[in-house]
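# Inside the fold
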Amino acid sequence: MANKKIENGLLITFEGPEGSGKTTQIKLLAEQLSSLEYEVVVTREPGGTPLCEKIRELLLKFDEEDICDEAELLLFGASRAQHVRRLILPCLKRGGIVLCDRFVDSTTAYQGYARKLNSNFIQQLHDFSLGKRWPDLTFVLDIDVETSLQRTKKRAEGKEHANDRFEAENRAFHTAVRYGFLDIAENNPGRVKVIDASRPIEIIAADLWWEVYNAIV
Ligand code: Z5A
């Protein structure tokens, strides 16, 4: 039963290279918060509502024509506008906690730092799609590109998850993404915490719990 409420809710986002352990850590944190009787909504981007899941399919798997970078950026923005208004804000208004697997900083890192689209426009798109509600806390789970690729390769063996449009990008792209996230953290020290995600799962979970606990007490 979700009895405890947080005034204005809490939006926590998880960012970082693929395979950095976002999904794994969100699951552990959600269990811990739920056991303390908070309402917890676990969601992801792109995705999270029926419309956003359709957009996700397009963004990750569409192969009938080449998606230009500008259209890709706008699709992420469209998905986020819907996700924020239909799923995230309602939970926050109820005093709940939203744990979101990727969010606005992924757009800055992937479409900005790696695809090199105009950073001023991306910032305006963030303001438009988010309204006024930025994340309260963001974790960048940081791992090097080699470890990231090894983990996703291992996980993909024999599974349909393999080779979406982003996983198929080259090392230079993934390196730009990683340093993009680190730069975002440096520029937003109050909101964004960098977590060394090369360590064992339980050690990372303990670090995250310490940060979240301080945010809710
Ligand atoms: N994208 C974008 O371009 N712009 C945007 O605005 C947004 C997204 C929002 C969505 O991919 C793609 O969309 C993403 C960027 C782009 N593509 N890329 N690259 P996705 O949602 O399908 O996948 P992902 O976000 O990249 O996450 P992931 O690959 O599913 O990884 P993860 O969630 O961070 O990791 P995990 O699933 O928890 O763990 C991966 C494996 O590593 C698994 O086998 C675990 O058991 C293992 N693992 C986890 N932690 C550890 C530790 N600590 N040690 C050892 N092994 C571990």
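These notes cover the structure that comes with them. (Residues numbered from 1 in each chain as written. Predicted model: local features only at pLDDT ≥ 70, side-chain atom pairs only at ≥ 80, totals over all residues. Heavy atoms only, no water.)

So, on to the side chain of Thr-107. Among the structural elements, Thr-107 can be located in helix H4 (residues 104-114). Given a relative accessible area of 1%, Thr-107 falls into the buried group. In terms of polar contacts, Thr-107 uses its side chain to reach the side chain of Arg-80, at 2.9 Å. When near neighbours in sequence (up to four residues on either side) are disregarded, Thr-107 contacts Leu-73, Phe-76, Arg-80, Gly-112, Ile-122 and His-126. (Helix = DSSP H or I, 4+ residues; strand = E, 2+ residues; numbered from the N terminus. Buried < 20%, exposed > 50% of the residue type's maximum accessible area, 1.4 Å probe, protein only. Polar contact = N/O pair within 3.5 Å; in protein donor to acceptor, adjacent residues only side chain to side chain. Contact = heavy atoms within 4.5 Å.)

Another point: the site of the ligand. The ligand sits among 28 residues. The nearest are Lys-22, Thr-23, Thr-24, Arg-102 and Thr-107. Interatomic distance of 3.0 Å between a backbone N/O atom of Gly-21 and an oxygen atom of the ligand. In this structure, Tyr-110 approaches the ligand through a side-chain N or O atom, which is 3.3 Å from a nitrogen atom. Where the shell around the ligand is concerned, the elements lending two or more residues are helix H1 (22-35), helix H2 (50-61), helix H3 (69-93), H4, helix H6 (145-156) and helix H8 (201-216). (Near = heavy atom within 4 Å.)

One open sheet holds the 5 strands; their spatial order is S2-S3-S1-S4-S5, and the pairing between them is parallel. Of all strands in the sheet, those with a lone pairing partner are strand S2 (40-44) and strand S5 (192-196), marking the two edges. The average undirected angle you get between the axes of adjacent strands in this sheet is 20°. (Pairing = 2+ DSSP bridges. Axes fitted to C-alpha atoms, helices over the stretch in contact; angles between N-to-C directions.)

This part covers the environment of Arg-165. Topologically, Arg-165 is positioned in the loop between H6 and helix H7 (171-187). Residue contacts for Arg-165: discarding those within four places in its chain leaves Leu-59, Leu-60, Phe-62, Ile-67, Glu-72 and Arg-115. Of the polar contacts made by the side chain of Arg-165, one reaches the backbone oxygen of Leu-59; its length is 2.5 Å. Among the polar contacts made by the side chain of Arg-165, one reaches the side chain of Glu-72 at a distance of 2.7 Å.

All right, on to the packing of aromatic side chains then. Considering all chains together, one arrives at 6 aromatic pairs under this definition. Consider the rings of Phe-76 and Phe-166, whose centres lie 5.9 Å apart with planes at 55°: the pair is tilted. On the criterion of sequence distance, the pair formed by Phe-76 in helix H3 and Phe-166 in the loop between H6 and H7 is long-range, its members being 90 residues apart. For Phe-76, a relative accessible area of 9% corresponds to the buried category. Centre to centre, the rings of Trp-209 and Tyr-213 are 6.0 Å apart; their planes meet at 50°, and the pair counts as tilted. Residue Trp-209 and its partner Tyr-213 are located together in helix H8, separated by 4 residues, close to a single helical turn. Looking at Trp-209, the relative accessible area reads 19%, which means it is buried. Residue class for Tyr-213 comes out partly exposed when judged on its relative accessible area of 37%. (Phe/Tyr/Trp six-rings, centres within 6.5 Å; stacked < 30°, edge-to-face > 60°.)

So, on to the state of the cysteines. One pass over the structure, following the stated rule, counts 0 disulfides. Cysteine Cys-91 remains unbridged, with the sulfur of Cys-100 as its closest cysteine sulfur at 11 Å. The thiol sulfur of Cys-100 is not disulfide-bonded, and the nearest other cysteine sulfur, from Cys-52, lies at 9.9 Å. (Disulfide = S-S within 2.5 Å.)

What follows deals with H3. An α-helical turn contains 3.6 residues, so any two residues separated by three or four positions project in the same direction. If you check H3, its first and last C-alpha atoms are 34 Å apart, about what 25 residues at 1.5 Å a residue would give, namely 36 Å. Roughly 45° is the biggest bend found in H3, and it falls at Val-84. Taken together, the buried residues of H3 touch strand S1 (10-15), S2, H2, strand S3 (97-101), H4 and helix H5 (119-130). Taken from the residues just after H3, Gly-95 is the one with a positive phi, measuring 90°. (Expected span 1.5 Å × (residues − 1). Bend = angle between axes of the 7 residues up to and from the residue.)

What follows deals with the pattern of salt bridges. Per the stated rule, a full pass over the model turns up 13 salt bridges. Across the pair Asp-142 and Arg-178 runs a salt bridge, and its minimum N-O distance is 2.8 Å. Residue Asp-142 is found in strand S4 (residues 137-142), and its partner Arg-178 is found in helix H7; the two are separated by 36 residues along the sequence. Comparing Asp-142 with Arg-178 shows no difference in burial state: the two are buried. For the salt bridge of Arg-199 with Asp-207, the shortest nitrogen-to-oxygen distance reads 2.8 Å. On the accessibility criterion, Arg-199 (25% relative accessible area) is partly exposed. Taken together, the shared-partner salt bridges connect Asp-69, Glu-72, Arg-115, Arg-165 and Glu-169 into one network. (Salt bridge = Lys/Arg side-chain N within 4 Å of Asp/Glu carboxyl O.)

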